[in-house]
Amino acid sequence: MSLIVDLLLMLIDVTYSILCAVVRTFLHPRLKSIDGELCLITGAGGVLGRLFALEFAKEGAHLILWDCNTAANEQTAQLARKLGVEVRTYTVDLSKRQSIYQTAGRVRAEVGDVSILVNNAGVVAGQRLLECPDELLERTLLVNCHALFWMTKAFLPQMKARNHGHIVTIASALGLFTTAFVEDYCTSKFGAVGFHESLAHELRAENHYGIKTTLVCPYIIDTGMFAGCEIRKEIQSLIPPLEPLYTAQQSMKAILGEQEMVCIPRIMYIPFIARALLPWEANVATYRFMGGDKCMLPFIKSTEMKTLNGHMKSSNDAF
């Protein structure tokens, strides 16, 4: 009898969740206030990180900005301060666990408890797997995936103590389905998606409903991180690279609306669902038709040329 009751309750919850999602699609959800909240953003010196900082500042949140590039981070801080909020900057190497823990300790001592954590920083090696130095592959995994563990362990305890907070993971469409020649990036973003979803389940299992989570999975963002990447030309006009400001604004709507997951643009839900439902060969056929099998080659070739000239390709913006 208990099984039947639980089954009925589950079906009611599923139906209610679907109806709520449909309503949110057509109606603007009620947005929460974050005025006075303390928000930490990683990769704040990059294009997307800077836009996130300004969007949160417009909402009245005080900012803690982390980046490995001190000068770029300070530039973001100067822009945010003009909006009238308090801003503190820290230079952090997210590929090093102790750097994260030490800087997190400074933040708690110097500023206070973070209530909004935006894990935005990201890098990509940009080289073919068999030709890529091991340390570059490791760096992608450390920054894009492993750092999520250390960031969460550093700041979640204070959120749990108050049962209040919001954890945002800026992942990628490439955390939901893959493409060729960027194995390090796809692996790290699949890991980021898995980590985020497992954490969200854990918070609910422990009844920490006051701590919200939002997973953001954007398509290519026109920040230069994947410069040269393009799908089939006839389709490119239908799915062009995302404008960084549009991406940040759509992400903010999801965060303030306490939406658990958002794909940007919405059409990205289609390949995500197709990957799960269609046979492997059917997905491959669709993938090749759209030019997905070779879309990263121009980017890889461009990065290889820069590497030969003594430059390394990296970024703090998500795909």
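See the structure shown above.
In this report, the structure presented in the accompanying data block is examined. Quantities reported herein were computed from a predicted structural model and do not represent experimental measurements.

## Examining the nonpolar core
By size, the foremost hydrophobic cluster in this structure holds 58 residues, and its most contacted members are Ile41, Phe56, Leu63, Val182 and Phe226. Take this core: its biggest share by element is 7 residues, from helix α2 (residues 47-58). If you look at the next biggest cluster of nonpolar residues, it comprises 28 residues, including Leu94, Val114, Leu117 and Ile167.

## Side note on the packing of α2 against helix α8 (residues 244-256)
Geometrically, a packed helix pair is captured by the angle between its two axes and the distance between the axes. Close contact between α2 and α8 brings their axes to 9 Å; oriented N to C, the two are set at 50°. Comparing their axes, α8 and α2 come out oblique. When the axes of α2 and α8 are compared, the crossing they make is right-handed. Facing α2, whose interface residues are Val47, Leu48, Leu51, Phe52, Glu55 and Phe56, α8 presents Pro244, Leu245, Thr247, Ala248, Gln249, Ser251, Met252 and Ile255. Here the contact of α2 with α8 is built from residues that sort into 10 nonpolar, 3 polar and 1 charged.

## Thoughts on the sheet that holds strand β4 (residues 116-119)
Spatially, the 7 strands line up as an open sheet ordered β3-β2-β1-β4-β5-β6-β7, and their pairing is parallel. Of all strands in the sheet, those bounded by a partner on one side alone are β3 (87-91) and β7 (261-264). Along the sheet, successive strands turn relative to each other by an average axial angle of 15°, direction set aside. Across 6 bridges, the pairing between strand β5 (residues 165-170) and strand β6 (residues 211-218) is parallel. The partner of isoleucine 170 across the bridge, within β6, is valine 216. Along the sheet, helix α3 (residues 70-81) contacts β2 (62-67) and β3; its crossing angle with β3, the most-contacted strand, is approximately 175°.

About the cut-offs
Residues numbered from 1 in each chain as written. Predicted model: local features only at pLDDT ≥ 70, side-chain atom pairs only at ≥ 80, totals over all residues. Heavy atoms only, no water. Core = buried A, V, L, I, M, F, W, Y, C linked by side-chain atoms within 4.5 Å. Buried < 20%, exposed > 50% of the residue type's maximum accessible area, 1.4 Å probe, protein only. Helix = DSSP H or I, 4+ residues; strand = E, 2+ residues; numbered from the N terminus. Axes fitted to C-alpha atoms, helices over the stretch in contact; angles between N-to-C directions. Parallel < 35°, antiparallel > 145°, perpendicular 65-115°, else oblique. Left-handed = near helix turned anticlockwise from the far one by under 90°. Contact = heavy atoms within 4.5 Å. Nonpolar A, V, L, I, M, F, W, Y, C, P; charged D, E, K, R; others polar. Pairing = 2+ DSSP bridges.

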